[in-house]
Each structure stands twice: as C-alpha cells, then as structure tokens.
Amino acid sequence: MRIGIVYFIIILITLVGCNNNTSQTNSVPVELSKDAHSYANINEVRIEHMSLDLSADFEKKILEGKVRLDINNWTGSNKLVLDSRKLSINEIILNNGKQASFELGEDKEPFGQPLTIAIEQNTKSVTIDYATSSNSDALQWLNPSQTFGKEHPFLFSQSQAILARTWIPCQDGPGVKFTYDATIKTDPNLMVLMSAKNGTKKNSEGVYTFEMDQPVSSYLMAITIGDLEFQSTGRNSGVYAEPAMLSKSVWELESMQSMIDSAEALYGEYAWGQYDVVILPPSFPFGGMENPRLTFATPTIISGDRSLVSLIAHELAHSWSGNLVTNETWNDFWLNEGFTVYFEQRIMEKVYGSEYEKMLTKLGMGDLEHTIKKLNKKGKPEETHLYLNLDGRDPDDGLTDVAYEKGRFFLQTVEATVGRERFDKFLKQYFTTNAFKPMNTKRFIGYLKDNLLQDPEELKKVRIDEWVYGPGIPSNVPEIYSQELDRVELAISQFNNKRKTASELNTANYTTHHWLYFLRGLKNLELYKMNDLDNTFNFTKTGNSEIACDWFKHCIDTDYKEAFPALEVFLISVGRRKFLQPLYEKLAETEENRDWAKAVYEKARPGYHSVSYNTIDEILK
Ligand code: BES
Ligand code: ZN
C-alpha cells in the first residue's frame, strides 16, 4: 500500500514536471542580437537541449551517430536553420516520426554551410543522423606517436570560436545556451571525457554517458578520448592526464584547490560542482580552453617549477566570466577575456601574493603595448578597440591581447576609481544576476552605469567610451609598480648598454617571470651577446616553453644559428599557436630563414591542429 502511494506520487511529480516542460518549451525567450558568424534563425527557433549518441572511429577518424535537438519553436516557424561544416547528413527525423526534408547551403569560408531543416509549427525535436569528416576543423585525431605514452591514439576537440559546427550540427553562436547529455562509444582501452559530469575510471565496454544539466553555449561543447587517468587534487578538483604525465601534472597543479577556494571567496560560489583539468598532448593549439567542469590544457604549462599555473587561474575564472555570463556575439569577446584576465589576476594575488601578481600584470602591459604598436603599424587602429566589428570575418581575427589585456586594464581603471570593496561587490552581483545569460557590450555599460557608476564625477573619471570604443590605452590607466621587475630593469639596462656582461648581472633568485621580463627588454643584440647570454644562462636548453619562445625570437632576429636545431625541435613538438605564430612570422622575414621554416613546417604540419596550421599556412604561403 505504502509503495503504491509512493509510486502514485512519483507519477504525479513526473506528470507535473512534463507539463512544466511543455509550457516552458513554448515560452518566449529573450531576443538575441544578430550574430554575424552564424546562419541559425535563433530569433525564431531555439535549441534547449541536445542529446548526442556518437561512436568514435579512430580508423576513419570520424565521429558518427545521431544528435537529437530539442527545440523551442515559439514563433511556429517552418524551418530550423543550423550551422554545419564538413558534415555528412544522412537523415533527419522529426519527433512525430516523419522524415524531414533538409538542404545544405553553399559552403563559405570560414562559416561553413547552413543546414536548413523543414519543421512543423509544433515540432519539439529533430534527430539528425550524421558523421563528421576526417578533416573536421574542431577535432584532432592523433596517432600514438603524438602522445606521451606512444601506445594509444588520442582525440581532442576545440570548439571555440566557430568550430563546434564541424562536429555537431547546431546553432553555433555563443548567445544560445542549452543543456546536453551524451553517449559516446569508443575503444575499451580508452577513456572519454566531455565538458560535463565525468567518471574517473575507464569503462570496460568503452561506452561513456554524460550529463550537463546547466545550459552552455556551443563553443563550450568538448570531447577528448585517450589513455587517461584521474587523480584528485582536493575537495572538488582533479587532474586527468596520460599515465606518463599524471604525477608530474598533479605536482605542478598543486594549487588548484586553493585557486577555486580563492575564486569563490571573491565572486561567489563555483556553479559547476567539480573542476578538473585534462593535460592534453602537445599539439593542443591553445594554452587552455575553459570547457565547463573540465579545462583542456597544453602540457607546455607542466614546466617542473609550477611557474606557469596562472593559466589555470585564467581558465578557472572563465567558470564565472564566460561560462556563466557569456559574450553574446564574438564582437563582445572582451567581455569574456578581459573580465577573465582581471579575475585571474585577483586569484593569483590571493594565492601567490601581490608582488607575484604585479609581475604578471606588468608583463601583460608589455604584451598589450607591443600588440597595439603592431596593429597601428599595420594601419588597423580600430582593432585596438575593446568592442570589435568582426562581421563577415573570422572571429579568430579578434583574438588579440587587446580583448585580454586592454579589457583587464579597463576593469582595473574602474576598480581604481570606485575602490576595491565597491568594485568587488559589483562584480559579484554582476555574475550572480547574469548567470547563464548572454551579455553584450552595450548592456554591460548600462549595467555598469546603473549599478556602480551612478556618481557623474566617477563616471566621467572612468572614460568608458574612450576605453570601449576608442583606440590605444587611455591615459587614466593605473600605474603598475613591481619592485622585482625594477631589479630586472637595472640588469636590462646594464646589458643593453654593454656596461656588464651576462655573468656580471645580478640575476640571483630570478623566476620565470623575471627571465621573461629580462628577455623582452633586451635590445640591439649581436651575435657575441647572444653567445654570452646562452653560455651563461643556457637559454637554448631551457625546458620552460615561455622562456624558450622569447629566446628563440631573439635567435631568429640575430641569426643565432646555434639555437636553430633546438628551435626546429620546438616547432615540431609543440602545437600551441601562441608560440608558433610569432616564430614563423619572424622566420618568414628573410628568404633564407623562410626556406628553412618551410622545410621544418613540412615535417611539423601533420602534427598541428587546424587552428594552428591555418594560421601558419597564411604566414608561409
Ligand atoms: N578561451 C580562450 C581560448 C580561445 C579564445 C580559443 C578564442 C578560441 C578562440 C582561453 O581561455 C584562453 O584565453 N587561453 C589562453 C591562455 C590565457 C592564460 C591567456 C591561451 O590559450 O593562450
Ligand atoms: Zn580566456
């Protein structure tokens, strides 16, 4: 009898739940700004949930299977337009069991093809039977030789900015958010992870199921498959890596849990439950990617001295700025990255102290000044604005230090104007109020004026329009003072002015950040000085990827050929675009080096992800 009542209640709850769902499905969602990088008709029909059922075929290098898209067709539209690229679509079925007719439009670089599906007024879902192509831009299929273990193949995805459409037909713009679940089948020797709830053990059948019950944008859809193992690093954090990398990675990322705790103390509870990092093979084209619950990271941060972990603070910070409050279009990209660099800086200050943070911030200012100079020289000062107009262009073009560093310094300027206490309260409220919603530049400025800068004096002091819609760095930017880097400044001038040789410089207790500042300050280098530096500090042999990259830039500029074999190894073994791009650009400057670079690139290219080889193809074409 009791059991009967319990069943009755469960059935009742389920029915009420379903009813709620249907009424929700017909609710009118918030209008989204036009997204110039997506074909989707997002103001007529919107994806609310995605259910993936895919198999990974490492022989053919494809994912194939089905995706069911649960939609809200509140306008009663007769078509659902999705983004797709290099996908083969076999069949599409509506929830009433009928086959839907569909059409793939013309393929345009880099946007792909609109997939237009005929739906009915009351269509609730479409199920698409499809396969990716073996050259999906998001997916990189690695041979065992490209992994640390050398025994098993590997797969990872990179969906940001507009590559999700190359492995899932979807509304591929950041303004649309949906929940998802997935079943992925693979070789039983391998483990599958996604930007969702993950297990910690391999499944003997090779079948993995996932649940992401908080809405995310398509650029946060992520998958990786490989010989991976897990180790916990605290209450709600852990690391996945290949067995050969796991203990090193766990050691390197020892501060992860305190980063999470510090972030929560600043801007409110971590919304996603667990926070893990997966250390990928070296061809991962970025430093890190903030896939929800599971940051994807380059192994080049595993330097053996914990000096590059600010990257984890950055990706973690995206759990608020970006993953909760999301740039509505790629023109608003600075809202994701600028806020994240500011937040990263605050986490680093809390965990490592203010002097450490000052060094990072000053290095960031150096990067920004360099980027602005370069963009001005190219005659593109409008690309130094925070708000960009990338319509018709690849959103990748907006991926410069401007969004990151100018964005950070703008927020620092606001902080300096109103004081830290008020600014922190404002930011915390901003993340809470706008969680799981898209944000655009105009609305953010309105929110800032309404909730923080009500005093006209303060408002004037900040100079919002100059920062957001104007070029360069406005003069009200707060000054950064770092005692440690001042010490380096002295060494730089002594070496630049030939007053001291390398071994006479006081470099005691230099950390990675001292070295980076030192290398970036060196001018008028000649071969004998390069020899002196290398003999004294062994830069060519450094195991630190950031130091190596800055050193190799000087090697190319000065034609310091002793380092070229090491440079070749670096270019072949590392696929991170941030390192590759400036090095190939410098090599392309002289005919001799260009030929050398082309020969190296021929060997290296098959190991790069599309994000990297598309950029390098342009440089060496
Ligand atoms: N979300 C970005 C990476 C990204 C941006 C990929 C735009 C594709 C398009 C990520 O959070 C990031 O900024 N990564 C940086 C590291 C960071 C410490 C500045 C990177 O990969 O270098
Ligand atoms: Zn970022």
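The structure presented is a predicted model; accordingly, all values stated were derived computationally and were not measured. Numbers given to residues run from 1 along each chain, matching the order in which its sequence is written. Chains and ligands are labelled by the order in which they are written, letters from A for the one and numbers from 1 for the other. Two thresholds apply to this predicted model, a pLDDT of at least 70 for residue-level local features and 80 or more for giving and counting side-chain atom pairs, whereas whole-chain, interface and lining totals are computed over all residues. The basis for the side-chain values is all heavy atoms of the structure; hydrogens and waters are excluded.

J.: Please give an account of the domain arrangement of the protein that cites residues and values.
T.: Each domain's extent is set by a domain assignment, obtained either automatically or from a database. Under the domain assignment used here, the protein contains domain 1 (40-227), domain 2 (240-319), domain 3 (325-469) and domain 4 (512-620). A straight line from the C-alpha centre of domain 1 to that of domain 3 covers 32 Å. The contact definition used throughout considers only heavy atoms, calling two residues in contact when any of these lie within 4.5 Å. Between domain 1 and domain 3, the residue contacts involve twelve residues of the former and 15 residues of the latter. We define a salt bridge as a side-chain nitrogen of Lys or Arg found within 4 Å of a carboxyl oxygen belonging to Asp or Glu. Scanning the region where domain 1 abuts domain 3 turns up zero salt bridges.

J.: Any details on unusual backbone geometry? Residues and values, ideally.
T.: With the exception of glycine, most residues fall at negative phi, and the peptide bonds are largely trans. Geometrically, the link from E109 to P110 is a cis peptide bond, its omega value of -10° lying close to zero. Secondary structure elements are taken from DSSP: a helix is a run of H or I of four residues or more, a strand is a run of E of two residues or more, and numbering for both begins at the N terminus. Within the element layout of this structure, P110 appears in the loop between strand 5 (102-104) and strand 6 (113-118). Of note, the bond from Q160 into A161 is cis; its omega dihedral lies within 30 degrees of zero at 0°. Notably, F436 is not glycine yet its phi reads approximately 65°, a positive angle. Phi at N524 is positive, roughly 50°, even though this residue is not glycine.

J.: Describe in detail the environment of L190, supporting the description with residues and values.
T.: For L190, the position within the fold is in the loop between strand 10 (177-185) and strand 11 (191-194). Owing to a relative accessible area of 0%, L190 belongs among the buried residues under this scheme. Here the alpha-carbon distance between L190 and F436, two residues 246 residues apart in the chain, equals 33 Å. Ignoring sequence-local partners within four residues, the contact set of L190 consists of F58, H152, P153, K202, Y208, I225, G226 and D227. Three labels apply to residues, based on accessible area from a 1.4 Å probe with only protein chains included: buried if under 20% of the type maximum, exposed if over 50%, partly exposed otherwise in between.

J.: Can you explain the sheet that holds strand 18 (residues 294-297)? Please cite residues and give values.
T.: Here, a strand pair is defined by DSSP locating no fewer than two bridges between the strands. Across the sheet, five strands lie side by side as 14-15-16-18-17; this open sheet has mixed pairing. For this open sheet the edge positions go to strand 14 (229-234) and strand 17 (288-289), each flanked by a neighbour on one side alone. Relative to strand 16 (residues 275-279), strand 15 (residues 237-241) runs parallel, the two sharing four bridges. When the bridges of strand 16 are listed, G238 appears paired with D276. Only the stretch in contact is used when a helix axis is fitted, and all axes are lines through C-alpha atoms; the angle between N-to-C directions ranges over 0 to 180 degrees. The strands touched by helix 2 (residues 243-252) within the sheet are strand 14, strand 15 and strand 16, with strand 15 carrying the most contacts at an inclination of about 150°. Here helix 4 (residues 310-317) sits on the sheet in contact with strand 16, strand 17 and strand 18, set at roughly 130° to strand 16.

J.: Before we move on, could you go through the confidence of the model for the protein and cite the residues and values that matter?
T.: Averaged over all residues, the pLDDT of the protein equals 96, while 96% of them reach at least 70. Scored between 0 and 100, pLDDT is the confidence that the predictor attaches to each residue. Scored below 50 in pLDDT, residues 8-24 shows three contacts in the model against residues more than four places distant or in partner chains.

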